Amino acid sequence: EKGLNQGQKARHILVWNREKGLLEEEVIHPCINLGMRLLYQSAFGAMLRKTKKISQMIKDMSENQGKKYNDPQSAGHIQGFVNSFHINMEEAVLQVPEYQTFNHFFYRKLKPEARPIASPGDPKVVVQPADCRLMVFDTISDATKLWIKGKEFTVAAMLGSDEEAKRFMGGSISVHRLAPQDYHRFHLPVDAKIKSQTLVEGELWTVNPVAVNMVDVFTENKRTVCYLETEQYGTVAFIAVGAHMVGSMDFTLKTGDQGAKGDDFGYFFFGGSTVVCVWEKGSVKFDKDLIDRSLQSTETLVKMGGQLATG
């Protein structure tokens, strides 16, 4: 359980880079790390999280940061961010001087060839919806034993509907965590029609593994619950979860729209975020290497458009 243990006990999180075939460290700034440990892994932090003042303070911080990064002056921060995280701007449609604000850069579009879609003509191949650190589990039970350890987590609570949750009994789940340095647009994992999109207001706790293994972030955080209608996979629940410094998300496909796998679905504004997909029982078979890493509590670093599963 190297990935999970490092995520809990050190300022480094170990992730498996699928493309390179090696373990990499995701380094967290010491000050941020200390703050997360205090808020999410201590008795004092648990007490603080129950107060409305702390909750509102985090929401206010996120709102203020959002305003700051929508200001044209914020464009001056882009090059430093690119340098710090070694972002490959050759993949982007626009170059640094062309972005009007930091958020404009943050949800940048990439050239199509930068993220090829796996088996585009084969509906039986499911693709990664985002550049992310990925966990997949054949059952919700496995996910709650090994990764999503918040005390009150249930699919019904995450979806906000006991009735909708019934269709996913015995189903599978994939958790796609986006770090701030990632490409922050999300895409359809399968050919689908957008059945509905519902905003659920909530907290803005971090989605870092430090918190996911301690706090019910997927049921408490602000999120948009989408249902995708598909011919191959039944109904897929696609949940875009906001997080600390991410008070906003937007969708390029709306309810009633039809899209192909790999199509641009929406994007997050600045910060770290997560997409959670819930699949009907027996509808998908996740790639073995992804399952194996997840059972070791290690996230896999993947790129949008790569293969996630087969149907």
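Residues numbered from 1 in each chain as written. Predicted model: local features only at pLDDT ≥ 70, side-chain atom pairs only at ≥ 80, totals over all residues. Heavy atoms only, no water.

Draft legend 1. Representation of unusual backbone geometry. Notably, S119 is not glycine yet its phi reads approximately 45°, a positive angle. Position of S119 relative to the elements: it lies in the loop between helix 6 (102-106) and strand 3 (125-127). With phi around 60°, S297 is a residue other than glycine that occupies positive phi space. In this structure, S297 sits in the loop between helix 12 (288-295) and strand 15 (299-302). (Helix = DSSP H or I, 4+ residues; strand = E, 2+ residues; numbered from the N terminus.)

Draft legend 2. Seen up close, the sheet that holds strand 10 (residues 249-251). Strand order across the open sheet formed by three strands is 6-12-10, with antiparallel pairing between neighbours. Both edges of this open sheet fall to strand 6 (185-187) and strand 10, since each of them pairs with a single strand only. Neighbouring strand axes in the sheet, compared pairwise and without regard to direction, differ in orientation by 20° on average. In this sheet, strand 12 (residues 264-268) lies alongside strand 10 in antiparallel orientation, the contact comprising three bridges. For F251, the partnering residue across the bridge sits in strand 12 and is G266. (Pairing = 2+ DSSP bridges. Axes fitted to C-alpha atoms, helices over the stretch in contact; angles between N-to-C directions.)

Draft legend 3. The arrangement of helix 12 in detail. Of the residues making up helix 12, those classed as buried are L290, I291 and S294. Looking down the long axis of helix 12, one finds its buried residues gathered within 100° of arc, a one-sided arrangement. Residues of helix 12 that are buried sit in contact with strand 4 (132-137), helix 7 (140-146), strand 14 (285-286), strand 15 and strand 16 (307-310). Of the residues flanking the end of helix 12, it is S297, one or two places downstream, whose phi is positive at about 60°. (Buried < 20%, exposed > 50% of the residue type's maximum accessible area, 1.4 Å probe, protein only. Arc of directions from axis to C-beta. Contact = heavy atoms within 4.5 Å.)

Draft legend 4. Quick peek at the pattern of salt bridges. Across all of its chains, the model carries 13 salt bridges by this definition. Here D287 ties to R18 by a salt bridge, and the two come within 2.8 Å at their closest N and O atoms. A residue pair is termed long-range when its members are at least 10 positions apart, and D287 in the loop between strand 14 and helix 12 and R18 in the loop between strand 1 (12-17) and strand 2 (22-27) qualify at 269 residues. For D287, a relative accessible area of 12% corresponds to the buried category. R133 is the salt-bridge partner of D182, the closest N and O atoms lying 2.7 Å from each other. Of this pair, D182 sits in the loop between strand 5 (172-178) and strand 6 while R133 sits in strand 4, placing them 49 residues apart in sequence. Judged on exposure class, the residue D182 and its partner R133 are both buried. Residues joined by salt bridges that share partners form a network here, namely R18, D287 and D289. (Salt bridge = Lys/Arg side-chain N within 4 Å of Asp/Glu carboxyl O.)

Draft legend 5. Representation of the nonpolar core. Counting 32 residues, the largest nonpolar core has F265, W279 and L308 as its most contacted members. Other than its neighbours up to four places away in sequence, L308 contacts V126, V127, Q128, L134, V136, S174, H176, W279, F286, D287 and L290. The next biggest cluster of nonpolar side chains, apart from the first, holds 25 residues, and it includes V155, V217, I239 and V278. (Core = buried A, V, L, I, M, F, W, Y, C linked by side-chain atoms within 4.5 Å.)

Limitation: the analysis is restricted to geometry and does not speak to function.
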